[in-house]
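# What the coordinates show
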Protein chains: 2
Amino acid sequence: MSKEQKVTPWEVEGKIDYNRLIKEFGTSALASDTVKKIEKLAGDSHIFLRRGFVFSHRDMDLVLKDYEAGKGFFLYTGRGPSGAMHIGHLAPLLFTKWLQEKFNVNLYIEITDDEKFLQKPQLDYEQIQKQADADILDIAALGFDPDRTFIFKDTEYIKQMYPHAIKIGKKVTFSTVQAVFGFNNQTNIGLMFYPTLQIVPTFFEKKRCLIPAAIDQDNYWRIQRDVAESLGYYKVAAIHNKFLPPLTGMEGKMSASKSETAIYLSDDEKTVRQKVMKYAFSGGQATIEEHRKLGGNPDVDVAYQWLSILFEEDEKKLKTIHDDYKSGKLLTGELKQLLVDKINAFLREHKNKMENAKPLLEKYMYTGKLAKEMWNK
Amino acid sequence: MSKEQKVTPWEVEGKIDYNRLIKEFGTSALASDTVKKIEKLAGDSHIFLRRGFVFSHRDMDLVLKDYEAGKGFFLYTGRGPSGAMHIGHLAPLLFTKWLQEKFNVNLYIEITDDEKFLQKPQLDYEQIQKQADADILDIAALGFDPDRTFIFKDTEYIKQMYPHAIKIGKKVTFSTVQAVFGFNNQTNIGLMFYPTLQIVPTFFEKKRCLIPAAIDQDNYWRIQRDVAESLGYYKVAAIHNKFLPPLTGMEGKMSASKSETAIYLSDDEKTVRQKVMKYAFSGGQATIEEHRKLGGNPDVDVAYQWLSILFEEDEKKLKTIHDDYKSGKLLTGELKQLLVDKINAFLREHKNKMENAKPLLEKYMYTGKLAKEMWNK
């Protein structure tokens, strides 16, 4: 039975109706001519654009206009370090990496150690710090430009952020955060102030800021767009991705606390195989005979969906998989094996990249061109 | 007509019933044997102790016990830079200075630039910063020990404070700050988080912290005492002074926004004379003849009260003034002139001390022994 749809920065439940989210959040559907313009200016295409995984935006047209006019823009995204990173966490970061590479712009990555500490009753400060350091290495492995990327923890960069934060905070009442985030009388006053700190990086440059992130973060950008101009900054732009469906089915999002729903970046090859084979929700039939006869349903099959969203870039190959699965020629076990191989190849490469990224951490956080500029502010 | 008594960190109204405050805030009256013990350990007496201007406390006995046992303690007080400093603002600072001198302990002085920015709709960030710098010089003029005193602005020292602040914030709900400070749905989320930052300095050392401050600040310490031990620190101790009555009468406290109620540290001699002569509420009679016959009432006479609280340290001289005024021998104009002379002498000296303090600012804020230790944290 489907749960009621619920999407906040801290909870995603139910079968997600993305068109309804666009309406409820007041964002715009990503039109095909906007996609074409991104691809034209980028001189390349991205799997998320082609497959509709990036589906909604705010002011993306203005960002492209500014870019064409030579005004430029900058990128901002983030990560809340509350538990081991899984493949779903990587999606917006992978798209961000592509945008930085194609548009050659500055990128700010906020590690919201304060948010996660304040939000998770069971986690103490030291656990969060440890997770933050681990996450930073996973992020650095994606290969951002070390002189154009600044990765920072809120608790470490707070001195430069706090004056902005209180200017934002002065303009936002309890009523507003109550309405936007569902805060109530029992919400702690640290979490209540936190939204200011997620908004601050949108003021890091006097250019338009583009945020690639999952749509559950949009609540923050609504507040930003209410206060930005009165503080002398641009309203933030955003480009939203959907949630990578949990292994266990098309509802909600992967949860770091339910290990069967997700593939962690640290999972070994055997674990990946076991999880996909055991938990990946299948659109296939109950028996081989029936499957051969009736075929599978790729629309609800998580293995197919993951290939479509992340792992099978080749349009022709994907179409063959789709058609073969639908006709019954490709069995569930075979489809899952395709995914297992792709994931394991991806994770092997990720582990290598992590090793290579270690010497670059210093640059991203302190000594790269952009990082140094930010610390001198 | 007397207004209803109202005492919060941001509002003091009506005739203050200090015994009622002790009951309402749950503090303890400062007993004469505690006063005697302070005087014995200090090897000296202070006018505020002798005249009952310091009247209430929390755990002062435990502070003295710790001191006697060689565990020591530390002092913490502060200043909100929202407008020109007047003589009423100096009272807790003067007592703090005496305590530091007599007990030879570390002192932390928090300049709450964030609080005042968040609380005052009409003041912008730059105005607050300018006021903060002016206030720091006024405070430095009191002559604190430059190697045992750390004066810091919240926005400047936030990096060291923020990790503590979120640990406190995680334990305090909106319900609590609503009940304690009267916050409501329209309160901004900056001000809502601010109490954590006023509590943080009580954790600067793993010793008992003693706060000399006006009793309107006690709300913060109630919250501190609720959370301190669970975070591994002592419950804070406090010693409370009354409010120096406004020139205009015995109700409420001096207001920086009503210039006739206060003597500013920057007032010149002529202004002081004019304000006292024109506005100081008099306990005298309407005519000289009646005054000679019926005498004045020192209990409601602000000039007498100021002499008693701050300016006439000599017990015998004060008694003579009291008796002569009550008998009608001393006229209102003569009494006011005594006060004018005392205030002007005090302000002349203060101005000299400000000049001498200028080269010490660096030490209080950055390079003195304690300041350096705090920046290296």
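Worth saying up front: this structure is predicted, and the values here are computed from it rather than measured. As a convention, each chain's residues are numbered from 1 in the sequence order in which they are written. Whichever chain is written first becomes A and whichever ligand is written first becomes 1, with later ones labelled in order. Under the rules for a predicted model, residues below a pLDDT of 70 receive no local features and side-chain atom pairs below 80 are neither given nor counted, while totals for whole chains, interfaces and linings still include all residues. With hydrogens and water excluded, all non-hydrogen atoms of the structure serve as input to the side-chain values.

### Focus: the relation of the copies chain B and chain A
In this comparison the copies share one frame, found by least squares on the C-alpha atoms of residues holding pLDDT of at least 70 in both. For the pair chain B and chain A, the relating rotation is 180°, the translation along its axis is 0.0 Å, and the fit reaches an RMSD of 0.0 Å. Overall, the copies show the geometry of a two-fold rotation axis. For chain B, the residue whose C-alpha comes nearest the rotation axis is Lys159 of chain B, separated from it by 2.6 Å.

### Topic: the environment of Ser45 of chain B
All names here are of chain B. Only DSSP runs of H or I reaching four residues or more are called helices, and only runs of E reaching two or more are called strands; each is numbered from the N terminus. When you line up the elements, Ser45 lands in the loop between α2 (32-42) and α3 (47-50). Each C-alpha atom, one on Ser45 and one on Trp98, is 9.5 Å from the other, the two residues being 53 residues apart in sequence. Aside from chain neighbours lying at most four places away, what touches Ser45 is Glu39, Arg50 and Trp98. Contacts described as polar in this section are N or O atom pairs within 3.5 Å, which, within protein, must combine one atom able to donate a hydrogen with one able to accept it, while residues neighboring in sequence count only if both atoms come from side chains. Among the polar contacts made by the side chain of Ser45, one reaches the side chain of Glu39 at a distance of 2.8 Å. For Ser45, the side chain forms a polar contact with the side chain of Arg50, separated by 3.3 Å. Contact between two residues is taken to exist if any of their heavy atoms lie within 4.5 Å; hydrogens are not considered.

### Some points on the packing of helix α14 (residues 302-311) of chain B against helix α15 (residues 315-327) of chain B
Residues and elements named next belong to chain B. Angular values range over 0 to 180 degrees, each being the angle between N-to-C directions of two axes fitted as lines to C-alpha atoms, with helices fitted over their stretch in contact. Two numbers describe how α14 lies on α15: the axes approach to 11 Å, and their chain directions differ by 165°. If you check the angle between α14 and α15, you find them roughly antiparallel. In terms of crossing hand, the pair formed by α14 and α15 is left-handed. The segment α14 lies against α15, with Tyr304, Leu307 and Ser308 engaging Leu318, Ile321 and His322. Any residue outside Ala, Val, Leu, Ile, Met, Phe, Trp, Tyr, Cys, Pro, Asp, Glu, Lys and Arg is labelled polar, Gly included; the first ten of those are nonpolar and the last four are charged. Residue composition of the contact of α14 with α15, by class: four nonpolar, two polar and no charged. The labels follow the angle: roughly parallel below 35 degrees, roughly antiparallel above 145, roughly perpendicular from 65 to 115, and oblique for the rest. We call a crossing left-handed when the near helix sits turned anticlockwise from the far one by less than a right angle, and right-handed when that turn is clockwise.

### Here's the deal with the sheet that holds strand β4 (residues 54-58) of chain B
Residues and elements named next belong to chain B. Here we have seven strands laid out as an open sheet, ordered β3-β4-β9-β8-β5-β6-β7, and mixed in their pairing. The open sheet is flanked by β3 (28-29) and β7 (149-153), the only strands paired with a single partner. Pairing of strand β5 (residues 73-79) with strand β8 (residues 208-214) involves three bridges; the strand directions are parallel. Residue pairing in the sheet places Leu75 in a bridge with Leu210 of β8. Strands were regarded as paired on the criterion that DSSP finds at least two bridges between them.

### Some details on the interface of chain B and chain A
Many structure descriptions define interface size as the accessible area lost when the parts assemble. Opposite the 35 residues of chain B that make contact, chain A presents 35 residues. For the pair chain B and chain A, the two sides together bury roughly 3,100 Å², of which 70% comes from carbon and sulfur. Note on terms: buried area is the combined drop in 1.4 Å-probe accessible area of two parts once they are placed together, counting the loss on both. If you sort the residues of chain B by the area they bury against chain A, Tyr162, Lys170 and Ile189 of chain B come out on top, with a joint share of 25%. Within this document, salt bridges are pairs made up of a side-chain nitrogen of Lys or Arg and a carboxyl oxygen of Asp or Glu, the two lying within 4 Å of each other. At the junction of chain B and chain A, the tally comes to zero salt bridges.

### Thoughts on the domain arrangement of chain A
Residue and element names in this part refer to chain A. Residue ranges for the domains originate in an automatic or database domain assignment. When its domains are assigned, chain A resolves into domain 1 (6-247) and domain 2 (259-354). Distance between the C-alpha centres of domain 1 and domain 2: 29 Å. In total, domain 1 and domain 2 occlude about 2,200 Å² of area from one another, counting both sides; carbon and sulfur atoms represent 71% of this. Counting the surface domain 1 buries against domain 2, the share from its top three residues, Arg51, Ile87 and Leu247, is 38%. Where domain 1 meets domain 2, there are three salt bridges. Where Glu313 meets Arg50, a salt bridge forms, and the shortest distance between an N and an O atom there is 3.9 Å. Summed over the shared surface of domain 1 and domain 2, the result is 12 residue pairs in polar contact (both at pLDDT 80 or more). When contributions to the side of domain 1 that touches domain 2 are tallied by element, the ones reaching two or more residues are α3 (47-50), α5 (87-103) and α7 (125-140). In terms of residue class, the side of domain 1 that touches domain 2 is built from 15 nonpolar, one polar and three charged.

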